[in-house]
There are 2 protein chains.
Amino acid sequence: MKDVIKNRCDHPTADMIYESCRLLEPNISLGTVYRNLKLLADEGDIITLETSDKKIHYDGDISRHSHFICEKCGKIIDLFKPSKLPDELTELGLTVKGEKCIYYGDCTDCTIKN
Amino acid sequence: MKDVIKNRCDHPTADMIYESCRLLEPNISLGTVYRNLKLLADEGDIITLETSDKKIHYDGDISRHSHFICEKCGKIIDLFKPSKLPDELTELGLTVKGEKCIYYGDCTDCTIKN
DNA sequence: ATAATAATAGTAATCATTACTGATAACGAA
DNA sequence: TTCGTTATCAGTAATGATTACTATTATTAT
């Protein structure tokens, strides 16, 4: 299950992961997928992305990076050079353990098309 | 409805907004609240925050700012000095229209308590 | 005033996610 | 091996935030 997520470079939903797992293990149940995803997320082995499509997207890449989501086609693009943390965080005495930065707009393909 | 959200400085859920509205307009229905929230969000009058608590939080402040969410107490803190956009966005030819940066960790109160 | 249109209350439906249940596997001790 | 304990899972039911629908009421224009 962990490998299934780690080996893909997209940001699949539970449903998509379920489909992938069924190729290897045809009898796996959706409940098991959800349970294992929760375990993996709790242990910090994977990351969850709460987007505006009301489905949780999972990311096997736990290195510090951000995301861009195209509002037209829904594509999710990784940004591996995120900006540094706002100074305000330390100024306010906040201990940061994680960040989820999502930028919204039009991807290159959709910009060209319109 | 718009005023109800604009006049509060927290990040209420639809349910909380429903409660607030009922003080002014006791017969308003939850469906109306959801519909109007959707309209306001579509027009860019308010912002939605998809957090890990599976409820949408609404923000009447549409100025550019980020958020910090305490993983212990769930408090949402505004960050009004967000860092600048990653250079990578323009390098990749992406047109940014919005951003939702959420930082997770322990707030000052919760850090002191533990 | 009347017809056309928009907004709303109230409720039913949706659907991603979670919880539950009964069965099966794994493992260790006697 | 046999019994007891524990963990895992498939399958399904329940949950709950959100959305869709419908009948009714307000609003506006003619």
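Residues numbered from 1 in each chain as written. Chains lettered and ligands numbered in written order. Predicted model: local features only at pLDDT ≥ 70, side-chain atom pairs only at ≥ 80, totals over all residues. Heavy atoms only, no water.

**A word on the protein's contact with DNA strand D**
Phase 1: Residues in contact with DNA strand D, as listed here, are A:Asn27, A:Ile28, A:Ser29, A:Thr32, A:Arg35, A:Asn36, A:Lys54, B:Ala14, B:Tyr34, B:Lys54, B:Lys55 and B:Ile56.
Phase 2: Across the atoms of DNA strand D situated within 4 Å of the protein, the share located in sugar and phosphate is 76%.
Phase 3: A distance of 3.0 Å is found between a phosphate oxygen of DNA strand D and a backbone nitrogen or oxygen belonging to A:Ser29.
Phase 4: Grouping the constituent residues of the surface near DNA strand D by class yields four nonpolar, four polar and four charged. (Near = heavy atom within 4 Å. Polar contact = N/O pair within 3.5 Å; in protein donor to acceptor, adjacent residues only side chain to side chain. Nonpolar A, V, L, I, M, F, W, Y, C, P; charged D, E, K, R; others polar.)

**Topic: the environment of A:Ile112**
All names here are of chain A.
Phase 1: With respect to the helices and strands, Ile112 occurs in helix α5 (residues 108–113).
Phase 2: On the basis of relative accessible area, Ile112 is assigned to the exposed category, the value being 66%.
Phase 3: Each C-alpha atom, one on Ile112 and one on Arg8, is 27 Å from the other, the two residues being 104 residues apart in sequence. (Helix = DSSP H or I, 4+ residues; strand = E, 2+ residues; numbered from the N terminus. Buried < 20%, exposed > 50% of the residue type's maximum accessible area, 1.4 Å probe, protein only.)

**So, the interface of chain A and chain B**
Phase 1: With 37 residues of chain A at the contact, the number on the chain B side is 37 residues.
Phase 2: If you sort the residues of chain A by the area they bury against chain B, A:Glu88, A:Tyr103 and A:Tyr104 come out on top, with a joint share of 19%.
Phase 3: The tally of links between chain A and chain B comes to four salt bridges.
Phase 4: Put simply, B:Glu91 and A:Lys81 hold a salt bridge, and the shortest N to O gap is 3.0 Å. (Contact = heavy atoms within 4.5 Å. Buried area = accessible area lost by both parts, 1.4 Å probe. Salt bridge = Lys/Arg side-chain N within 4 Å of Asp/Glu carboxyl O.)

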